[in-house]
Amino acid sequence: MQGLEMLSPEWRDYELIDSGDFEKLERWSNYVTVRPEPQAIWHKTLSEEEWGRLATAVFRRDSRNEERGEWRVAPKMPSRWQVGFDYRKMHLRMRLALTSFKHVGLFPEQAENWKFIYDRCEDMVARGKRPRVLNLFAYTGGATLAARSAGADVTHVDSVKQVVSWSRENMEASGLKDVRWIVDDALKFVRREVKRGNRYDGIILDPPAYGRGPEGEKWILEENLCEMLECCAALLSPKDSFLVLNLYSMGLSAMLSRSVVNQIFGKPAHEQFGELYFTDRGAKNLPLGVYYRFVR
């Protein structure tokens, strides 16, 4: 067992330059974005003039719709570009784009979990096992590609068809193949998997605070998480397996994650839990989500 642990990945193609006044200034390869950040409650270190000089794309919320907005871009800013992440024999290449929801196509703090997933799967493969991994709420597939890079058979589940297509692009750009793609509501999918009696050696959960399935199914984290974890407990192999859980909803803690997982899965042999963060040039640590993961 390990206690509370703060994790921050090192990444050549990503940098948190500055944060504050509920915004963050980020470099993605050669391009710099400004996006809203509700947890950046402090003041900026750099001046507004410096932010303006560095930024190649700035997101501004729509006053009529808080969930959407538009990007103001410099002439040199492409509509799409690529970043890479390398770790040991894993070489991921991922396509980024400016979306109307402020996202660009990946959550860079998750690179710490990609390394964990890669290491667990590589270890299983080295011992002659072909691990089966289930990635739920899988978005553009960073965790999927980490597991596949290590030789795992991966089932990738997301409710948005266009996002699954984006994941496939990332797979091909990374020189990988043979991922099982599923466009479905994650909770409905795991319910069916339990009835089928299927088992997985690794399960990755990255649920949003709120979401909709392809047929309008409603997902509310606080209401649905326990059932989701109960299904996953039935699907996860009782020995030689791992779980990764991420939570982004403000107000939910790593200790909460540990408590609910331990109650449903039992106490594991090895666990880690804490916060994922980046440090900007002004030495301010910006928390970007909590994680819990175990190996048994």
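Residues numbered from 1 in each chain as written. Predicted model: local features only at pLDDT ≥ 70, side-chain atom pairs only at ≥ 80, totals over all residues. Heavy atoms only, no water.

Caption draft 1: A look at the sheet that holds strand β16 (residues 285-295). Here seven strands make up an open sheet; going across it, the order is β10-β9-β8-β11-β14-β16-β15 and the pairing mixed. Here the strands that pair on one side only, and so sit at the sheet edges, are β10 (180-183) and β15 (270-279). Shown here is a sheet whose adjacent strand axes are inclined to one another by a mean of 15°, direction ignored. Across four bridges, the pairing between strand β9 (residues 153-158) and β10 is parallel. Note that in β10 the partner of Thr 155 across the bridge is Arg 180. Where helix α4 (residues 161-173) meets the sheet, its contacts fall on β9 and β10, and the angle it forms with β10 comes to roughly 165°. Those strands touched by helix α7 (residues 254-265) are β14 (242-247), β15 and β16, and its axis lies near 15° from that of β16. (Pairing = 2+ DSSP bridges. Helix = DSSP H or I, 4+ residues; strand = E, 2+ residues; numbered from the N terminus. Axes fitted to C-alpha atoms, helices over the stretch in contact; angles between N-to-C directions. Contact = heavy atoms within 4.5 Å.)

Caption draft 2: Local environment of helix α5 (residues 186-196). By the burial criterion, the buried members of α5 are Ala 186, Leu 187, Phe 189, Val 190 and Glu 193. Seen end-on, α5 carries its buried residues on one side only, within an arc spanning 160°. Among the structural elements, β8 (132-136), β9, β10 and α6 (221-235) are those in contact with the buried residues of α5. (Buried < 20%, exposed > 50% of the residue type's maximum accessible area, 1.4 Å probe, protein only. Arc of directions from axis to C-beta.)

Caption draft 3: Broad picture of the pattern of salt bridges. Counted under the stated rule, the structure contains 28 salt bridges. Asp 123 is the salt-bridge partner of Arg 127, the closest N and O atoms lying 3.0 Å from each other. When its relative accessible area of 37% is taken as the criterion, Asp 123 is described as partly exposed. Put simply, Lys 284 and Asp 280 hold a salt bridge, and the shortest N to O gap is 3.0 Å. As far as the burial class goes, Lys 284 and Asp 280 line up, both buried. Connected via shared salt-bridge partners are Asp 123, Arg 127, Lys 129, Asp 201 and Asp 240. (Salt bridge = Lys/Arg side-chain N within 4 Å of Asp/Glu carboxyl O.)

Caption draft 4: Seen up close, the side chain of Asp 280. Looking at where Asp 280 falls in the secondary structure, it is placed in the loop between β15 and β16. One polar contact links the side chain of Asp 280 to the main-chain amide nitrogen of Gly 282, over a distance of 2.9 Å. Of note is the side chain of Asp 280, whose polar atom sits 3.0 Å from the side chain of Lys 284. Every residue in contact with Asp 280, bar those within four places of it in the chain, is listed here: Leu 16, Ile 17, Asp 18 and Ser 19. (Polar contact = N/O pair within 3.5 Å; in protein donor to acceptor, adjacent residues only side chain to side chain.)

Caption draft 5: Structural detail: the sheet that holds strand β1 (residues 14-20). In space, the five strands of this open sheet follow the order β1-β2-β3-β4-β5, with mixed pairing throughout. A strand with exactly one partner marks an edge of an open sheet, and here the two such strands are β1 and β5 (65-73). Across the sheet, the axes of successive neighbouring strands diverge by a mean angle of 25°, strand direction being ignored. Taken together, the six bridges between strand β2 (residues 23-28) and strand β3 (residues 31-36) define a ladder with antiparallel strand orientation. Bridge pairing links Glu 26 to Thr 33 in β3.

Caption draft 6: Geometry of empty space enclosed by the protein. Summed over all chains, the structure comprises one cavity of 30 Å³ or more. For the largest cavity, the calculated volume is near 170 Å³. Forming the walls of the largest cavity are 19 residues, and the residues nearest its centre are Gln 110, Trp 114, Ala 138, Ala 143 and Asp 206. (1 Å grid on protein atoms, 1.4 Å probe; cavity = no way out; pocket = protein on both sides within 12 Å on 5 of 7 lines; lining within 4 Å. Points joined across faces, edges and corners; volume = space filled by probe spheres on them.)

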